[in-house]
Amino acid sequence: MMQCTNPDVKDLLPDLLNGILAPADVAHIELHLAGCSSCLEELQSLRAFRSVVMSSAPSIDTSRVALAIPLYRPAPRPRSGWWQVAAGISIIAAGLGGMIYGRGLPPSSTESGATVRTDTIRLSKTGNTSTESATVKHSADTSPFQSQRVRRPYGVLLGVDVSRMSADRLERLMRELDRIDGATWGETPTVIPVVASMERE
Amino acid sequence: MSRLNDPTLFASPSTPIGGPLLGSDPSDFALIAQWKAGDHTAATLLVERHSQALARYAASLGAREDIEELVQDTLVRAFNSLDSFRGESSLRSWLFTIERRLVLDRRRAERRRRGQITLAEVTVGTEYTALDSLIAEETSAKLQRIVQALSPMQREVFTLRVVEGLSYKEIAGVLDTSEGAARVHYHNAMKVVRESLR
């Protein structure tokens, strides 16, 4: 077999096989192949290899694979710094507003439930279930605790709208509130046992 | 009659790598846009266009079982991250990159599970089993043996270059190596092939 004098052609043979050469390049290579048995034999070998690999590849059930393809969902865009700052301020304002707003609210349903449960225990000892249900209703509707504590909107309490406060001012306000009242919002009001006692009487 | 006139000499490519360049079939990029617009049939067309190539590449990587599952996982992962596909390479070579990472990840996981076999040992010991039960003719059997004789890297590059028609630049992208290294691997593979054919 004669040696090829143009090694670049051999490098393009896979592209010729796969049909990705420009027509001008194809014509150039065909011209070369007409006089180069080395490149022609290599092209035939590559074609045989390609054919063997193509035919021996495992068959894929494309319809089954296609069923697994998800619907398009746009990727979430990264937040800019401005949005992160705004989101942070909103969270602080909402948390602080909720905290101050909650100071004027009656005890939560869980706390009311504690009052009711106290009475239930007492009444179940007597076995008087009708009295028990009446007491529960009474404690839920006309609790003395409820009448003593008046709901106060935070705007009245502070005289300002916290949602319009700057982050710095909100922080100062938080520190000030902690200084005035160290009790955290999560603490159970200590008046519950008193309420229970009042209802027993 | 000149062998150049043999109509089978130039294998007709089933589909150019980036999808049809001309003609009525939409390109990969057009199909991606259609899928993003809510047309799921576009995804089906893309799957049909690239699944077999992914199966061939999986075989060249030494995947033995569950090739269809591997192809499916590759495509699902690709579709889930198509927003990150910038079109700097062909979709197919991008899919090959994903599939290769998937195979390597699974090998690493398998290695951790077994705790004994190194990745090199796994790949060196891998046979080109996709051909095992399918080649009856003597010539094909000989070609099979030649491919088996290639190193894993040579076999991978050889498949990407000869069977899939990727450029050296695209191969380098898939293998996460340099274009020059891809070229060297291919030429070393061809050296083995030529010597084996003598």
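What you are looking at is a predicted structure, and each value in this text was computed from that prediction instead of being measured.

### Observations concerning helix α3 (residues 67-80) of chain B
For α3(B), with 14 residues, the first-to-last C-alpha span of 20 Å sits near the 20 Å given by 1.5 Å per residue. Where α3(B) is buried, its residues meet α4 (62-67) of chain A together with α1 (28-36), α2 (40-60) and α4 (91-114) of chain B.

### Quick notes on the pattern of salt bridges
A complete count under the given rule lists 11 salt bridges over all chains for this structure. As a salt-bridge pair, A:Asp15 and B:Arg161 come within 2.7 Å of each other at their nearest N and O atoms. Taken together, the residues span two chains, with A:Asp15 in helix α1 (residues 7-17) and B:Arg161 in helix α7 (residues 152-163). Each member of the pair, A:Asp15 together with B:Arg161, is buried.

### Side note on the interface of chain A and chain B
Listed as interface residues are 44 residues of chain A and, on the opposing side, 53 residues of chain B. Summed over both partners, the interface of chain A with chain B buries about 4,600 Å², with 65% contributed by carbon and sulfur atoms. Linking chain A with chain B are 4 salt bridges, by the criterion used here. Ionic pairing is found between A:Asp11 and B:Arg183, a salt bridge with its closest N-O pair at 2.7 Å. In this assembly, chain A and chain B are joined by 16 residue pairs in polar contact (both at pLDDT 80 or more). The set of elements that each furnish at least two residues to the side of chain A that touches chain B consists of α1, α2 (23-33), α3 (37-56) and α4 of chain A. Top contributing element to the side of chain A that touches chain B by residue count: α3(A), with 14 residues. Taken together, the residues of the side of chain A that touches chain B break down into 27 nonpolar, 7 polar and 10 charged.

### Concerning the packing of aromatic side chains
For the coordinates displayed, the defined rule picks out 7 aromatic pairs over all chains. Relative to B:Trp35, the ring of A:Tyr72 has its centre 5.2 Å away and its plane inclined at 70 degrees; by these criteria the two rings are edge-to-face. Here B:Trp35 lies in helix α1 and A:Tyr72 lies in the loop between α4 and α5 (81-103), a pairing that spans two chains. Given the relative accessible area of 23%, A:Tyr72 is considered partly exposed. Residue classification places B:Trp35 among the buried residues on the basis of a relative accessible area of 2%.

### Looking at the confidence of the model for chain A
Residue and element names in this part refer to chain A. On average, residues of chain A score 68 in pLDDT, and 53% of them are at 70 or above. Per-residue pLDDT stays below 50 along residues 108-147; that stretch engages in 38 contacts with residues further than four places along the chain or on separate chains. Scored below 50 in pLDDT, residues 152-156 makes 11 contacts in the model with residues more than four places away or belonging to other chains.

Conventions we followed
- Each chain carries its own residue numbering, running from 1 in the written order of its sequence.
- Here chains are named by letter from A upward and ligands by number from 1 upward, in the order in which they appear as written.
- Totals for whole chains, interfaces and linings use all residues, but because this is a predicted model, local features are given only for residues with pLDDT of at least 70 and pairs of side-chain atoms are given and counted only at 80 or more.
- Based on all heavy atoms of the structure, the side-chain values leave hydrogens and waters out of the count.
- The way it works is that DSSP assigns letters per residue, a run of H or I at least four long becomes a helix, a run of E at least two long becomes a strand, and they are numbered from the N terminus.
- Under the convention used throughout, the expected extent of a helix is 1.5 Å for every residue step, that is, one less than its residue count.
- In this analysis, two residues are considered to be in contact whenever any of their non-hydrogen atoms come within 4.5 Å of each other.
- Criterion for a salt bridge: a side-chain nitrogen of Lys or Arg within 4 Å of a carboxyl oxygen of Asp or Glu.
- Working definition: with a 1.4 Å probe on protein chains only, accessible area under 20% of the residue-type maximum means buried, over 50% means exposed, and in between means partly exposed.
- By buried area we mean the combined loss of accessible area, with a 1.4 Å probe, across both parts when two parts are placed together.
- Nitrogen and oxygen atoms within 3.5 Å of one another constitute a polar contact, given that in protein one can donate a hydrogen and the other can accept it, and given that sequence-neighbouring residues count only through two side-chain atoms.
- Residues are sorted three ways: Asp, Glu, Lys and Arg are charged, Ala, Val, Leu, Ile, Met, Phe, Trp, Tyr, Cys and Pro are nonpolar, and all the rest, Gly among them, are polar.
- Here is the rule: rings of Phe, Tyr and Trp (six-membered ring for Trp) pair when centre to centre is within 6.5 Å. Planes less than 30 degrees apart are stacked, more than 60 are edge-to-face, and the remainder are tilted.
- Per-residue confidence from the predictor is given as pLDDT, running between 0 and 100.

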